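These are the residues of each chain, in order.
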Amino acid sequence: MRKELKILSVLGLCLSGQFAFGQIKGNVQEADGEPAIGAKVEIKGTNTFTRTDDDGNFELSAGKVGDVLVITNLEEESEEVIAKDDLAFKFSKKIEKKDEKEIEEVVVLGFGRIRDAKDVVGTASVVKGSDISNAPIASFDKALAGRVSGLSVNSSTGQPGGLAQIRLRGVTSVNGNNNPIYIIDGVRISSGNLTNNRNKSETDPSTNVLATINPNDIESYTVLKDAAATSLYGADAGAGVIVITTKKGKNGKAKFSVDLERGFGKKAVKGPKSITPGTWNRVLTEAVKNKRNLTEQEAIDYINNELAPKETTLPLWDGKTEVPDWTKLVERDYTSQNSLNIGVTGGSDKLKYASSLNYFSQEGTVRSTDFDRVSGRLATDYKATDQLTIRTDINAAYTKQNSVLNGGYFSNPLLTKYFMLPTDPAKNPDGSYNLGEGGRMFNGMFNAAYLLENNYITTKTARVFANIQGEYKIINNLRYVINFAPEYINMERDKYDNPIHGDGANTNGRMINERVRYFNWNVQNILNYFFTVGENHHFDTRIIQEAYKKDYKYLSTSNTTLGRLGLYSTDNFVKNEETTGNGYIATRNAYAANVSYDYSKKYFLDGTIRREALNNFGSGNKWGTFWSVGAAYDISNERFLIGSSIDLLKIKASYGELGNQLLYDDLNSFAQYGYDLNYNDAAGGYIYQLGYKDFTWEKIRQFDAGFETEFFNHRLNFSASYFHKKTKDLIFPKGISLTTGFSTVLVNAGDMVNKGIELDLGGTIIKSDTPDGFNWYLSGNFTYVKNEVTNLPLGESITGVNIVRKGEAVKSWYMRKWAGVNPTTGEGQWYVNGKGGEVTTDYNKAERAVQGTTLPKYMAGLSTDISYKRISLSATFSGNFGHKIYDGWRNYTTSDGQYIHIYGGYEEQGDFWTPDNPHASNPKPILTNSSKSNYSSTRFLYDGDFIRLRDLTIGYTFSKSVLDDIGLTNLKIYLRGTNIWTYCFDSKVRHLKIEPEQNVNGGGSNFEQPILKTFTVGVNVGF
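Below you will find a few notes about this structure. (Residues numbered from 1 in each chain as written. Predicted model: local features only at pLDDT ≥ 70, side-chain atom pairs only at ≥ 80, totals over all residues. Heavy atoms only, no water.)

Observations concerning the overall build of the protein
Check the secondary structure of the protein and you find 8 helices and 52 strands. Pairs at least 24 residues apart make up 69% of the contacts formed inside the protein by residues separated by at least 6 positions. In the structure as shown, the protein presents an accessible area of about 42700 Å², 55% of it carried by carbon and sulfur atoms. (Helix = DSSP H or I, 4+ residues; strand = E, 2+ residues; numbered from the N terminus. Contact = heavy atoms within 4.5 Å. Areas by Shrake-Rupley, 256 points an atom, 1.4 Å probe, with all protein chains shown as cover.)

The structure is reproduced here in structure tokens:
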């Protein structure tokens, strides 16, 4: 039975035909007499509203006699009441459903702060959980791409369950943290790759602990951007905050939902094609011709009779012998995708509950890689007394991820795909794998197809997260809240190398077992008091104490010499190669205060101060002070705009100073000592890390200013923000005398600025008056970010092809500029000054220069929702522009003859210079090429601009008459595609073939597993 609202009493002053200077005061209850907490009360058409308190009371500036008072409860049901001159109210009519736009107006800011969007002083963006639920990806963070202005989401690996790089309003640090923190229902959770953040001896597709969270459990995401919105989080807030609100129970009988989805995937971008045997023949023959000044036949004879027997080169392909397709041997043509989610919500006035069970599985493009998750959740809301409410939320998940190494490891199957000679047989005539002579193939590589079947890297993660909250109403408008949130994470990473072939052959097999354990807890004490002074001065104040502790343990063993094939446990390896372990405890303690004030819902002020201490720093630097101030003016609540087509016109500004968490929690400002030194079987001690007593937080000073507008009864909205984000005290390694035993010490030195604009535009283009009519909603966002290093007292820093230089973007590309192929001689050319003008064929005479940035300057997103009758269509696009990406392995894969006799490479090597092909894309190949034409330069640097269709969903919802016949409350079937279309702007000019989403930290592509595009069919059932 639907709950109804009723007005019990109204007090105030209304003047007939005029605006009153008093207030309408009332109390709202549900039909059973319980207060309608949080119900929305507004005068229809004025865009002025308030929410009822814990007793259902409200106060609202009075309008005029005959105005309609609209009261909407949390279940989206509403009543309209007409204001009479005798102050008597009565129901005029019922509305079954309010516009969903009103549900989106609630913004969750954390620490119990819940605001209507128009009352928020800071800058925040809200994404509905329903927009991301059932997305065929392992972690929700990747699904945020394109939905929030200022938020860059880069899936640099397609490893299922792998990490995404999240950047909010640019890069916050050079050597520190750049990832936002995540808050679930008010308390912080762990995020990122937690396998072992102190001793990454291998580069593998990182795990992502956020993949343990079921996206179907999430009600909404709120991305907090500026200082006014994030300052309550103090030392962690510099890179942004993402606040997650989970689904809660509701009054009424149990409501069940079942979501089932199945599908398949393949590579979103095909990638460069491996060289074919015919092309390899041509390139190698031409390279030998040019090297030894031979005819074509002489070159062929030389390769087959002299080069092949003496070096790693195989004889040229005879055109008849069957050759392997290394791509098909290491990659799947299609991957599988499965998801099942079961949920139930319900409750009574005393107890509300929400529970779910989820199973998710996904295969990766590379054979043997996959990800599986089983998770469950139980949330309760128990009203113990009229004053005390107890809430619990327990989440448990178990994931299993099978992965492979990336980069230059010879066991990396994607390296094999391009480096293996195309004529090197994968299998022997008897069908067994070709393992080469001496355990390696002709070119020193491993047979990755064999390794995928006989080696493994498995990471198993068990995570339990709980949030226990008590809320006690001391007196009216004064409440005390305590949160206790423990988190336990256990990760087991096992790497097995077989004793027959590969890295384990020289040690008769190897097993590496890594164990990582986190036990974290977060405690918050919050005192919240909201009150009104006079008739128009509204205050919401809170005092907060927060403590957080992270307890980390790591243990790793490496054992060799396997006793028997087919046994994989550690006790079957007879030699201990190495055993290491470490751990740390990181703690923080903070006190904060926040005051929010508004005058008549027109003028808003917000102020926050937080004092916080971390144990990472020395005694003189443990405490830091973080703060913010913000103000807003809602012009639409002025009398001259009430009743106009302008529903909202708010200008706002904020400024504050925040901190930025360290990259590693065990990074300290004081000296550390190690005692694991073996000195002739006696224990020895040594200085493990030098200390620097003045080492402290990186500090981020943020200024934000903008405006928000809504028109035509909320059908059109537009907002714009300008931000200036300055990071001071950047962490850099400072060179010191080697006589200390160390080369560097970490210090705070340098400043960096991110500044830009954000634009958001959305509107209901077509809105039908009937439920089955045509509706079309369209929204878009645009972001411009300019990054610049403004102060660098230690001087510029060059690492590989990247530079950190004052006046440039952080980690800009720094290399020679390619001037193309000389059409007369076929030699490669570079610009002498690194910019333009004079060219040279001598690589050493060309200067390096800044050639663009790794960071996108422009980001854009576009979403649309269309519905007609019971058919719906939604789509989301996103794009990044204004940056460069580098194919870092092209010196091998397009080597102009240097490595063509050893490694295969890309098929596009076949377009090389000859007198008959003077405008080829590649210089003439020369065996063991000494011209350095394949060395790092802009030849392999591409425009990174791309657009991607992130999500496309077409669904059909069955009618109520059909549902009644089969006993269901909801039934929807849908088809969904993710990453199904990608357009790279440089692909038509310079043949960009690699995945455009690359590591934004510089260094270029690293043979990561390809990102998937998926196609799934799903069904949502409710009963």
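What to know about the environment of Y633
Inspection of the secondary structure puts Y633 in strand 29 (residues 623-634). With 31 residues separating them along the chain, Y633 and K602 place their C-alpha atoms 5.6 Å apart. Leave out the neighbours within four places in its chain, and Y633 touches K602, Y603, E638, L649, K650 and I651. Within the structure, the side chain of Y633 is placed 2.7 Å from the side chain of E638, a separation counted as a polar contact. (Polar contact = N/O pair within 3.5 Å; in protein donor to acceptor, adjacent residues only side chain to side chain.)

What to know about the sheet that holds strand 44 (residues 839-840)
Strand pairs in the sheet, formed through backbone hydrogen bonds, run parallel or antiparallel to each other. Across the sheet, which stays open at both edges, the 3 strands sit in the order 42-43-44 with antiparallel pairing between neighbours. Of all the strands in the sheet, just strand 42 (818-821) and strand 44 have a single pairing partner and so form its edges. Note: strand 42 against strand 43 (residues 828-831), 3 bridges, orientation antiparallel. Looking at the pairing, G820 lines up with Q829 of strand 43. (Pairing = 2+ DSSP bridges.)

A short note on the sheet that holds strand 41 (residues 812-815)
The strand order across the open sheet formed by 4 strands is 39-40-41-45, and the pairing between neighbours is antiparallel. The open sheet has two edge strands, strand 39 (797-799) and strand 45 (849-853), and neither has a second partner. Each strand of the sheet is rotated relative to its neighbour by a mean of 35°, with strand direction disregarded. Sheet topology places strand 41 next to strand 45; 3 bridges connect them, and they run antiparallel. Paired with S812 across the two strands is T853, which belongs to strand 45. (Axes fitted to C-alpha atoms, helices over the stretch in contact; angles between N-to-C directions.)

So, unusual backbone geometry
Of note, the phi angle at S368 is positive, near 80°, even though the residue is not glycine. With respect to the helices and strands, the residue S368 is situated in the loop between strand 20 (351-363) and strand 21 (370-383). Even without being glycine, N508 reaches a positive phi, approximately 55°. Along the chain, the position of N508 falls in the loop between strand 24 (478-497) and strand 25 (510-533).

Comments concerning the pattern of salt bridges
Inspection of every chain in the model, using the stated rule, returns 46 salt bridges. For D540, the salt bridge goes to R115, with nearest N and O atoms at 3.3 Å. Of this pair, D540 sits in strand 26 (residues 537-562) while R115 sits in strand 10 (residues 113-116), and the two are 425 residues apart along the sequence. Summarising the burial analysis for this pair, D540 and R115 share the class buried. The partner of E638 in a salt bridge is K602, and the shortest N-O contact between them spans 3.4 Å. Here E638 is found in the loop between strand 29 and strand 30 (646-660), whereas its partner K602 is found in the loop between strand 27 (573-599) and strand 28 (603-614), with 36 residues between them in sequence. What emerges from the salt-bridge pattern is a single network uniting R188, D236, E546, R588, R610 and E612. (Salt bridge = Lys/Arg side-chain N within 4 Å of Asp/Glu carboxyl O. Buried < 20%, exposed > 50% of the residue type's maximum accessible area, 1.4 Å probe, protein only.)

So, the pairing of strand 9 (residues 106-110)
Burial within strand 9 is extensive, with 4 of its 5 residues counted as buried. Taken together, the 4 bridges between strand 9 and strand 10 define a ladder with antiparallel strand orientation. Its bridge partner being in strand 10, V108 is matched across the sheet by I114. What sits between the antiparallel neighbours strand 9 and strand 10 is a turn of 2 residues, in which F111 has the positive phi angle 55°.

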